[in-house]
Amino acid sequence: MSLKFWVVLLAWLYCSSVSWAGGLATPFSMGSTVVLPKGVRSLQVNGLSTTVDGWYNDTRVDTGVAEPFNQQLSYGRLLKAESDENLKLNVEAQLRNKGVSLDTIAGNSYADINTRVFITLPALAYGVTDRFTLGVTVPIVYSNIDVETGFVGSNQLQQLVTDFSQKSRKQTNAIQSKLRDVIATELANKGYKPLEAQEQTQIGDMVIVGKYLGYKGVDYSWALTTTVTVPTAHVRDVNRVVDPSPGDGQWDLGLASTFNIPLNSQFNVVSQTGYIVQFSDIRETRMPISEEERLSSDIDYGANRDLGDQMFTSLGLMMNGPSQVFSFGGSYTFAYKERDRWTGVNYSGDRYRALGVETEQVMHAAYLQTSLSTINLYRKKKFPLPLLATLGVGKAFAGRNVRNDPLWSLNMSAFF
Amino acid sequence: MMNWNLKILFLLFLLPWGVINCSLDVKKAVAPTNPPQVEKNIFSASQVRGHYQTDGSPKMFKWPVDKWNEDKTQLLPMTFAEKVQARQTITAYSEEVELYTQEFTALEKEINLKYENKLKELENRFLTNQCYSFCDPDSLFCDPEDSSVLIVDDWKLPENEEETLAIASCQENQSQRENISEDFEYEINEKVEPLRIKAGQAALALLQTVGDRNYFTELTSFEFFFGPYECSSNKGCLLSNEVESDKIYIRLQFGDLVLTNFDGDSGDLRVYDVGFDPAQGFLVFKTPAIDFENSQSIYGEITYDLELLPGLGVLRADGDIRVKENEVDKEFIGRFSSAGILD
């Protein structure tokens, strides 16, 4: 288990809710084959709102995001995290003299991490032709993280500290301050910035979307959507274990095919299948010591990174209400992301491979939405503006290495 | 119609959206914590006020970081595990020395007290009965008027029955005291000496583990003066009414070489950068590093990072030393420990 889970998790959330870049995220729309008529412009504002508290881990178990921090720590593990060699040698020698095995549990570390995320997605679209619409969006990501860490020492550890304090108050004070917050101590010893509450608003990766309506008939319509993710966002600080960066720093190219099949005047089946290529790049990264020990003071400033490609497919049903003012819909999404691959020359291959551990993702998610459209009313001159509002909620209900908190979304579109 | 739709829009979308967002505020993070606590108030500045002097030589050495190869021609760097093993052994020997020293000191004190009282009582009786006056006047060492004499070698011949009884009582007294002295010696030899030998053996083993190259054998004395003192290089240390606040003065002796921070001391061979935290008993100071094999050539700096640990009748000054050796551009960490008394 590793602290990197959390980082990856956050990266997935912040990067992919918008662009599907980096990792899988809960769906927040059903897709459609609709394009804008030639010369018509559209301004959309999407709001995405969620908390990040739980996720499905590598063994598909629903667990808290801070779970990797909650560990039983042995004396050996505590000493391994210590960077002051003199203190380490002294304490280890003292423990051996007292017959205390380094494998004995000294205590438990605990953490609680709560995150609130709100993403605003202003998007502009333009009907280049009657069949091709071009759009662009730049997300604005607000995140608020509250973090608390703690350590509960064993009775034996308290006894040892009491014994040591009789011999050396100075050294015991140093030990006590390090044991006060073992997570903070380990991070500091390895050169990470402190794990602390953060509230920030950042610009995310820009996404350019081109949608081509390939066919529109009575029996079905089909559209092909291409997305290009431009790495405009701040990328994760390599010195932070938890950094809610809204981008992963590399380009993505996505292609999605969408079918809309009307069953009757009320019901439509919407099906979407897509593939996203995440291009490789050169990136600085912390080098885990092993798969089990992810925190490390080693940094490779020029590692080759290839984030795994993603594929997804969804099947949904839309029901149009009277006069096509209201509509309701629901869909099921299956998504898969390949394992990330890292290579480099500065460290052993095992350490680069460890970076990719637990980055393969599988997600089964459900999405429900309700929409209100004034487009038909506008066409009948019964409403002054063509507006579309959609309120939706998506949630992963099973999977591997994906977060599972509900993602609420509100889309407001105006056409002019 | 328009207003009706706007109300719907607001109620069905914006209002729930607002409710959802308000309910999703970030929760306060909470994690259990109960780290080990250090016992407080175990030190008081009044426990270290006065003149401290080591009882015996302080121990000062660098932790071993290298070891001899098999034919003892080359020093090889130790691994981390070897360094741990060395410190473990040294710490164990150090604790052994301390334990045995404490034991034999306490036992010696107890035995002394036990026999001293009996002896004192008999000596008082010997003097009260004026036993010294019953010495043989013909004896060379006899002085019947000398009341400081506690051992009479030759007794005079009694002149009457009363004197016979008095001399017999005095002889009995002297004999009892001789027996007590023998018992005392016996008990010391049987009980204290084995502990003293064990302490000596542990000290020797400690020295061998540390290695000659790491041990500061020249350090023979450590003193400090804390209080209203005035210490100068020419007058020594004196208590003074003119000193407004407590001062700290240090004196270290390496063989014939004395290093102090006394007023008027100047030059390279002195104690400097002295810092004392009386609330905690933490004492920090520096001296130049001295190569004793090459007389007084200075090749670096030693930082002493000590803490004062009051005990039963003993005040310890223990801590780390950091020896910076300019010639090899390296810093070595070591240990300083001393036991002494305040007067």
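Computed from a predicted structure; not experimentally measured.

Visitor: Any chance you could break down the overall build of chain B for me, citing the residues and the numbers?
Guide: Within chain B, the regular secondary structure consists of three helices and 14 strands. Against the globule reference of 20 Å for 343 residues, chain B gives a C-alpha radius of gyration of 35 Å, more extended than a compact globule. Each principal axis of the C-alpha atoms in chain B carries an extent, and together these give about 150 × 55 × 55 Å. By residue count, 24% of the 343 residues in chain B fall in the buried class. Residue pairs in contact within chain B that sit at least 24 positions apart in sequence constitute 53% of those at least 6 positions apart.

Visitor: Can you explain the nonpolar core? Please cite residues and give values.
Guide: Counting residues in hydrophobic clusters, the biggest one holds 51 residues, and the most contacted among them are Ala-111 and Ile-113 of chain A. Once residues lying within four places of it in the same chain are set aside, the contact partners of Ala-111 of chain A are Ala-66, Phe-69, Asn-70, Thr-149 and Ile-183 of chain A together with Ala-31 of chain B. With 45 residues, the next largest nonpolar core counts Ile-250, Phe-276, Leu-308 and Phe-336 of chain B among its residues.

Visitor: Describe the sheet that holds strand β3 (residues 62-64) of chain A, listing the residues and the values that go with them.
Guide: The strand order across the open sheet formed by three strands is β3-β2-β20 (chain A), and the pairing between neighbours is antiparallel. With one partner strand each, in any of the chains shown, β3 and β20 (402-403) of chain A form the two edges of the open sheet.

Visitor: Can you tell me about the packing of helix α3 (residues 85-97) of chain A against helix α2 (residues 80-128) of chain B, naming the residues and giving the values?
Guide: One can describe the packing of α3 of chain A onto α2 of chain B by two numbers: an axis separation of 8 Å at closest approach and a directional angle of 60°. The orientation of α3 of chain A with respect to α2 of chain B, classified from their angle, is oblique. Crossing geometry of α3 of chain A relative to α2 of chain B is assigned as right-handed. Here Leu-89, Asn-90, Glu-92, Ala-93, Gln-94, Arg-96 and Asn-97 of chain A of α3 of chain A come into contact with α2 of chain B, specifically with Lys-83, Val-84, Arg-87, Gln-88, Thr-91 and Ala-92 of chain B.

Visitor: I'd like a description of α3 of chain A, backed by residues and values.
Guide: Between its first and last C-alpha atoms α3 of chain A spans 18 Å; for 13 residues at 1.5 Å apiece the expected length is 18 Å, and the two agree. Where α3 of chain A is buried, its residues touch α2 (75-80), α4 (155-167) and α5 (169-180) of chain A together with α2 of chain B.

Visitor: Please give an account of the pairing of strand β11 (residues 282-291) of chain B that cites residues and values.
Guide: For a regular strand, the rule is simple: side chains alternate between the two faces of the sheet. Bridging between strand β10 (residues 272-277) of chain B and β11 of chain B involves four bridges; their strand directions are antiparallel. Its bridge partner lying in β11 of chain B, Tyr-272 of chain B is registered against Lys-286 of chain B.

Visitor: An account of the environment of Gly-300 of chain B is needed here, citing residue identities and associated values.
Guide: Residues and elements named next belong to chain B. Inspection of the secondary structure puts Gly-300 in strand β12 (residues 297-310). Spatially, the C-alpha atoms of Gly-300 and Lys-330 are 9.6 Å apart, while their sequence positions differ by 30 residues. Residues contacting Gly-300, with those up to four places away along its chain left out, are Ala-289, Val-323, Lys-324, Glu-325 and Asn-326.

Visitor: How would you summarise the sheet that holds strand β17 (residues 341-343) of chain A if you had to cite specific residues and measurements?
Guide: Residues and elements named next belong to chain A. With respect to topology, three strands assemble into an open sheet ordered β13-β14-β17, the strand pairing being antiparallel. Unpaired on one side and paired on the other, β13 (281-286) and β17 mark the two borders of the sheet. Direction aside, the axes of adjacent strands within the sheet are offset by 45° on average. Where β13 and strand β14 (residues 299-306) come together, five bridges link them in antiparallel fashion. Residue pairing in the sheet places Arg-283 in a bridge with Ala-303 of β14.

Visitor: Mind laying out the confidence of the model for chain B, listing which residues take part and the relevant values?
Guide: Residues and elements named next belong to chain B. Per-residue pLDDT for chain B has a mean of 86; in total, 94% of the residues score no lower than 70. Mean pLDDT across the elements of chain B ranges from a minimum in helix α1 (residues 2-23), with 68, to a maximum in β10, with 93. At the level of chain-chain contacts, confidence expressed as ipTM amounts to 0.74, with global pTM at 0.71.

Visitor: Now, about helix α3 (residues 161-210) of chain B: what can you tell me, with residues and values included?
Guide: All names here are of chain B. End to end, α3 covers 70 Å across 50 residues, agreeing with the expected 74 Å (1.5 Å per residue, within 8%). The sharpest bend along α3 measures roughly 40° and falls at Val-192, with the proline Pro-194 sitting one to four residues further on. Taken together, the buried positions of α3 are occupied by Cys-170, Arg-177, Val-192, Ala-199, Ala-202, Leu-206, Thr-209 and Val-210. Considering only its buried residues, α3 is in contact with β2 (59-62) and α2. Phi turns positive one or two residues past the end of α3, at Gly-211, with a value near 95°.

Visitor: Talk me through the interface of chain B and chain A; I want residue IDs and the actual numbers.
Guide: At the junction of the two partners, chain B supplies 39 residues and chain A supplies 50 residues. If you list the elements that add at least two residues to the side of chain B that touches chain A, you get α1, α2 and β13 (315-325) of chain B. The element that contributes the greatest number of residues to the side of chain B that touches chain A is α1 of chain B, accounting for 10 residues. Residue composition of the side of chain B that touches chain A, grouped by class: 23 nonpolar, eight polar and eight charged.

Each value, and the rule that gives it
Residues numbered from 1 in each chain as written. Chains lettered and ligands numbered in written order. Predicted model: local features only at pLDDT ≥ 70, side-chain atom pairs only at ≥ 80, totals over all residues. Helix = DSSP H or I, 4+ residues; strand = E, 2+ residues; numbered from the N terminus. Rg over C-alpha atoms; globule rule 2.2 N^0.38 Å. Buried ≥ 20, exposed ≤ 12 C-beta atoms within 10 Å, placed from the backbone. Contact = placed C-beta atoms within 7 Å. Core = buried A, V, L, I, M, F, W, Y, C linked by C-beta atoms within 7 Å. Pairing = 2+ DSSP bridges. Axes fitted to C-alpha atoms, helices over the stretch in contact; angles between N-to-C directions. Parallel < 35°, antiparallel > 145°, perpendicular 65-115°, else oblique. Left-handed = near helix turned anticlockwise from the far one by under 90°. Expected span 1.5 Å × (residues − 1). pLDDT = per-residue confidence, 0-100. Bend = angle between axes of the 7 residues up to and from the residue. Nonpolar A, V, L, I, M, F, W, Y, C, P; charged D, E, K, R; others polar.

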